[in-house]
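Per-entry structural report
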Amino acid sequence: MKTLIFGHKKPDTDSVMSAIGLSYLKNQLGENTEARVLGTINKETQYALKYFNIKTPRYLNDVKLQLKDINYHKGFYINEKNSIYDAYQEMLKEELTGIPVVKDNNEFCGLITLKELSHIIVNENIEELYTSYDNLIHVLKGEEIVKCSDEIIGRLLVAAYRSTTFMENVELGVNDILILGDRHSVIEYAVNSKVKLIIVTNDAYIKDEHIEIAKRNNVNIIRSPYDTYRVSRLVALTNYIKTMLKMGNPTKFIETDFVSDILDINNKLKHTNYPVVDKNNVCLGLLKITDLSEKKPKKVILVDHNEKLQSVEGLDEAEIVEIFDHHN
């Protein structure tokens, strides 16, 4: 972290030159410092800098704690086309209760919380699927038997009746996704009906002739080692995480926001998690409100002054490393 060296609010030649000289010495000794000024320099100082061909130090407005000084969860987000299951696993792994959702260019598009995921897992009866073939393979630990589509959209059905009862009473269509075991007559009925996808459970055997019909009719087939009950529970979690996003614009912060402002906002909202973005809405990570205790205050060295009223705004939030002064 760079240490900032500066004089008082009304910079004169001795305070500006002292800051520049001390910064040069520190850097020659292997430290990382930068001289700054807290106000407009006078004509005498301008003349001295020009005479010695020294660049005018940059203006420093404040040293208040900013979000970039906090150890928030950088790089923690998930692509909108990942599965609900993946989002849940990421939160468990990092022991967090929220995760930002991003587009392919990392543009922030929403926030999903563990509470919302729990509602899906426990309470929702998902009958529609909007996901990718690869998500299904990943979540169901599946085997690719026939792949005709990258994206899978359709209505979920489980073949729970006797084979004859099912074929007599259930009319299958091109947007149906069928979950079943080794029920060859139903599989034959499904591939001939040109359903969107067949998920065969328990690593059941699939006849070669049915696979060939599926290929001709553009019917996707996946085989999973899980039983029918487990597949039925997991398949809803293969949906794109973007299917959970709600309308609205969740509160988010940028790295240059002041910690004091964030705390004021949180006192009203009482949220646990906040997305962190840059000025172009590109997601940088997630702030868990308790992360604010893991701060890295700006390091400063004061020259030619030692009083708060003469110094930079936010000095109380900085770490004063050294003071070089000849006053009381």
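The structure we're discussing is the one just above.
These figures come from a predicted structure and were not determined experimentally.

Description of the packing of helix H3 (residues 84-94) against helix H4 (residues 114-122)
Where H3 meets H4, the closest approach of the two axes is 11 Å, and the angle between their N-to-C directions is 130°. Classified by the angle their axes make, H3 and H4 are oblique. Of the two possible hands of crossing, H3 and H4 adopt the one that is left-handed. Contacts between H3 and H4 pair Ile84, Ala87, Tyr88 and Met91 from the former with Leu114, Leu117 and Ile121 from the latter. Its residues assigned to classes, the contact of H3 with H4 comprises seven nonpolar, no polar and no charged.

Points about the sheet that holds strand E14 (residues 253-254)
What the four strands build is an open sheet, ordered E4-E16-E15-E14; its pairing is mixed. Each end of this open sheet is capped by a strand with a single partner; those strands are strand E4 (73-74) and E14.

Concerning the pattern of salt bridges
In this structure the tally under the stated criterion is 14 salt bridges. Put simply, Glu90 and Lys93 hold a salt bridge, and the shortest N to O gap is 3.4 Å. Highlighted residues: Glu90 and Lys93, both in helix H3, separated by three residues, approximately one helical turn. For Glu90, a relative accessible area of 27% gives the class partly exposed. The shortest N-O distance in the salt bridge between Asp150 and Lys147 comes to 3.5 Å. Each of Lys2, Glu34, Arg36 and Arg58 takes part in a single network of salt bridges with overlapping partners.

Details of the sheet that holds strand E2 (residues 33-37)
Spatially, five strands are ordered E3-E2-E1-E17-E18 in an open sheet, and the strand pairing comes out parallel. Whereas interior strands pair on both sides, the edge strands pair on one side only; in this sheet they are strand E3 (58-59) and strand E18 (319-324). Two elements, strand E1 (residues 3-6) and E2, share four bridges in a ladder whose sense is parallel. When the bridges of E2 are listed, Phe6 appears paired with Arg36. The strands touched by helix H1 (residues 13-28) are E1, E2, strand E17 (299-303) and E18; relative to E2, the strand with the most contacts, the crossing angle is about 170°.

Considerations on a nonpolar patch on the surface
Together, Tyr47, Tyr51, Phe52 and Ile54 give the surface a local cluster of nonpolar side chains, amounting to about 510 Å² of exposed area. Mapping Tyr47 onto the fold places it in helix H2 (residues 43-51). According to the relative accessible area criterion, Tyr47 is exposed, its value standing at 59%.

Notes on the packing of aromatic side chains
In the structure shown here, the tally under the stated rule is four aromatic pairs. Judged by centre distance (5.0 Å) and plane angle (80°), the ring pair of Tyr130 and Tyr240 falls under edge-to-face. Of the two residues, Tyr130 sits in strand E8 (residues 128-132) while Tyr240 sits in the loop between helix H9 (228-234) and E14, which places them 110 residues apart along the sequence. Residue Tyr240 is classed as buried on the basis of its relative accessible area, which comes to 4%. The cationic tip of Lys74 hangs over the ring face of Tyr72; the distance from NZ or CZ to the ring centre is 4.2 Å. The ring of Tyr226 carries Arg230 above its face, with NZ or CZ at 4.0 Å from the centroid.

Quick notes on the pairing of strand E12 (residues 197-200)
Side chains Leu197 and Ile199 project from E12 onto one buried face, and the interleaved Ile198 and Val200 project onto a second face that is buried too. Two elements, strand E11 (residues 176-180) and E12, share four bridges in a ladder whose sense is parallel. Its bridge partner lying in E12, Ile179 is registered against Ile199. Relative to strand E13 (residues 220-223), E12 runs parallel, the two being bridged by four bridges. Across the sheet, the residue bridging to Ile198 is Ile221, located in E13. Regarding topology, helix H8 (residues 208-216) serves as the crossover connection from E12 to the parallel E13, and that connection is right-handed.

Calculation notes
- Residues numbered from 1 in each chain as written.
- Predicted model: local features only at pLDDT ≥ 70, side-chain atom pairs only at ≥ 80, totals over all residues.
- Heavy atoms only, no water.
- Axes fitted to C-alpha atoms, helices over the stretch in contact; angles between N-to-C directions.
- Helix = DSSP H or I, 4+ residues; strand = E, 2+ residues; numbered from the N terminus.
- Parallel < 35°, antiparallel > 145°, perpendicular 65-115°, else oblique.
- Left-handed = near helix turned anticlockwise from the far one by under 90°.
- Contact = heavy atoms within 4.5 Å.
- Nonpolar A, V, L, I, M, F, W, Y, C, P; charged D, E, K, R; others polar.
- Pairing = 2+ DSSP bridges.
- Salt bridge = Lys/Arg side-chain N within 4 Å of Asp/Glu carboxyl O.
- Buried < 20%, exposed > 50% of the residue type's maximum accessible area, 1.4 Å probe, protein only.
- Patch = residues over 30% accessible without salt bridge, like charges linked within 9 Å, V, L, I, M, F, W, Y side chains within 5 Å.
- Areas by Shrake-Rupley, 256 points an atom, 1.4 Å probe, with all protein chains shown as cover.
- Phe/Tyr/Trp six-rings, centres within 6.5 Å; stacked < 30°, edge-to-face > 60°.
- Lys NZ or Arg CZ within 6 Å of the ring centre and 35° of its normal.
- Right-handed = clockwise from strand over helix to strand, strands pointing away.

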